[in-house]
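What the coordinates show
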Amino acid sequence: MKKLYGLLGESLPHSFSPQIHSLIFNELGIGGYYHLFEVNKEDLQNALLGFKSLKVKGVNVTIPYKIDVIKYLDDVSKEAKGIGAVNTICFKEGKAVGYNTDYYGFGMMLNKFNVDIKGKKVVILGTGGASRAVLQYLLDNYVGEITFVSRNIEEGKRKFNDFEVINYTQLKEKSNKDIVINCTPVGMYPKVDASPLTKEVISKFKVVVDLIYNPQETLLLKYAKELGLQGINGLYMLVGQAIKAEELWNSVKINDETVDKIYRELFDLL
């Protein structure tokens, strides 16, 4: 009998999750269905109860439920507690346990492309949900300095009051840093002609990471390439977080060669 997995969200017309998990199922020989579960906010608790009743193995969680779903879970992992958001749920022995595999996917991406963050000066663009997993991973892995850049400084300071929060104009005046990480949707398809930073500001960095994976080369990364800087998109992180979810759901360890193969297959699909 095939096992049931899926993605929990409000509106899921453009999700790549079914394709990614189908590739993983095929590679590992897992008999599974990956379904898109579109659920209204008022039905969120009932959905969790329904997953348990149907013996669903696990689900991913996307916006806008990464925070709201926590109060309906039986337990939450250490990294998800630190981040304050869940993107993966495992159903085992009648309990729903939440994790944040974006945290692990981000780390896998940095390791894959040999980005050393220890002691480095890092700038994070945006203070939304994506930035939380990035921040937690950086803190857990001995980053040197973190600066947030937000269009709304006051809102950013409310979310991250232990860190320096500046606006984009102030970033222009800052001295050189090591790594910039784009956690905003600026440059994402279909608005591909936008970049959160000018080429002049990008030149202040050595490494440019853009969590966007569609398009594979954003304008931000195009500028980085023209400047001779290392540029990385979010596709490996996307694969990495899916791999970690499968490891949790199925109590397996997936080797790096398999991760790389699935990454290449998805790269060719997009």
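Residues numbered from 1 in each chain as written. Predicted model: local features only at pLDDT ≥ 70, side-chain atom pairs only at ≥ 80, totals over all residues. Heavy atoms only, no water.

The chain is annotated in an unreviewed UniProt entry as Shikimate dehydrogenase (NADP(+)) of Clostridium colicanis DSM 13634. UniProt annotates the chain under Function (unreviewed entry) with the comment "Involved in the biosynthesis of the chorismate, which leads to the biosynthesis of aromatic amino acids. Catalyzes the reversible NADPH linked reduction of 3-dehydroshikimate (DHSA) to yield shikimate (SA)." As recorded by UniProt, the Subunit (unreviewed entry) comment attached to the chain reads in full: "Homodimer." (UniProt positions renumbered as here; feature names shortened; annotations may be inferred.)

Under the present numbering, the feature "binding site: shikimate" (unreviewed entry) in UniProt falls on Ser15, Phe16, Ser17, Thr62, Asn87, Asp102, Tyr213 and Gln241. Of the annotated positions named here, the largest pocket is lined by Ser15, Phe16, Ser17, Thr62, Asn87, Asp102, Tyr213 and Gln241. Along the chain, the position of Asp102 falls in helix α4 (residues 101–112). The contact partners of Asp102, leaving out residues within four places of it in the chain, are Lys66, Asn87, Ala133, Met237 and Gln241. As for its placement among the helices and strands, Tyr213 is situated in the loop between β11 (207–210) and α9 (219–226). For Tyr213, the residues in contact, after removing those within four places along its chain, are Phe16, Gly234, Leu235, Leu238 and Leu270. (1 Å grid on protein atoms, 1.4 Å probe; cavity = no way out; pocket = protein on both sides within 12 Å on 5 of 7 lines; lining within 4 Å. Helix = DSSP H or I, 4+ residues; strand = E, 2+ residues; numbered from the N terminus. Contact = heavy atoms within 4.5 Å.)

This next bit is on the side chain of Thr88. Here Thr88 lies in strand β5 (residues 88–92). With relative accessibility at 0%, the residue Thr88 sits in the buried group. In terms of polar contacts, Thr88 uses its side chain to reach the side chain of Asn87, at 3.3 Å. The contacts of Thr88, once residues within four sequence positions are left out, are Val59, Asn60, Val61, Val97, Gly98, Tyr99, Thr101, Ala245 and Trp249. (Buried < 20%, exposed > 50% of the residue type's maximum accessible area, 1.4 Å probe, protein only. Polar contact = N/O pair within 3.5 Å; in protein donor to acceptor, adjacent residues only side chain to side chain.)

Now for the pattern of salt bridges. Close approach of charged atoms allows side chains with opposite charge to pair. Applying the stated criterion across every chain, the model contains 15 salt bridges. A salt bridge links Lys120 to Asp116, with the nearest nitrogen and oxygen atoms 3.5 Å apart. Measuring nitrogen to oxygen at the nearest pair gives 2.7 Å for the salt bridge that ties Glu164 to Lys174. Of the two residues, Glu164 is situated in strand β9 (residues 164–166) and Lys174 in the loop between α7 (168–173) and β10 (179–182); the sequence distance between them amounts to 10 residues. (Salt bridge = Lys/Arg side-chain N within 4 Å of Asp/Glu carboxyl O.)

A rise of 1.5 Å per residue sets the reference length of α4, with its 12 residues, at 16 Å; its end C-alpha atoms lie 16 Å apart and thus fit the reference within 8%. Inspection of α4 places Thr101, Asp102, Tyr103, Gly105, Phe106, Gly107, Met109 and Leu110 among the buried residues, and these make up the whole buried set. A distance of 3.1 Å separates the backbone nitrogen of Asp102 from a side-chain oxygen at the start of α4, and that oxygen is part of Asn100. Directly beyond the C-terminal end of α4, a positive phi value near 55° is found at Asn114. (Expected span 1.5 Å × (residues − 1).)

Moving on, we get to the domain arrangement of the chain. Per the domain assignment, the segments making up the chain are domain 1 (3–99 + 236–269) and domain 2 (104–232). With 15 residues of domain 1 at the interface, the matching set in domain 2 holds 14 residues. Across the interface of domain 1 and domain 2, roughly 1400 Å² is buried in total on both sides, 74% from carbon and sulfur atoms. Three residues, Ile83, Tyr236 and Met237, lead the burial of domain 1 against domain 2; their summed loss comes to 43% of the area buried on that side. Linking domain 1 to domain 2 there are one salt bridge. Counting across the interface, domain 1 meets domain 2 through three residue pairs in polar contact (both at pLDDT 80 or more). At the level of secondary structure, the elements contributing two or more residues to the side of domain 1 that touches domain 2 comprise α3 (78–83), α10 (235–250) and α11 (256–269). Counting residues per element, the side of domain 1 that touches domain 2 draws most heavily on α10, at seven residues. Looking at the side of domain 1 that touches domain 2, its residues break down into nine nonpolar, three polar and three charged. (Domains from an automatic or database assignment. Buried area = accessible area lost by both parts, 1.4 Å probe. Nonpolar A, V, L, I, M, F, W, Y, C, P; charged D, E, K, R; others polar.)

At a closest axis distance of 10 Å, the pairing of α10 and α11 adopts a crossing angle of 130°. Classed by the angle they form, the pair α10 and α11 counts as oblique. Our pair here, α10 against α11, has a crossing hand that is right-handed. Listed contacts from α11 to Leu235, Tyr236, Leu238, Val239 and Ile243 of α10 are Val259, Asp260, Ile262, Tyr263, Leu266 and Phe267. (Axes fitted to C-alpha atoms, helices over the stretch in contact; angles between N-to-C directions. Parallel < 35°, antiparallel > 145°, perpendicular 65-115°, else oblique. Left-handed = near helix turned anticlockwise from the far one by under 90°.)

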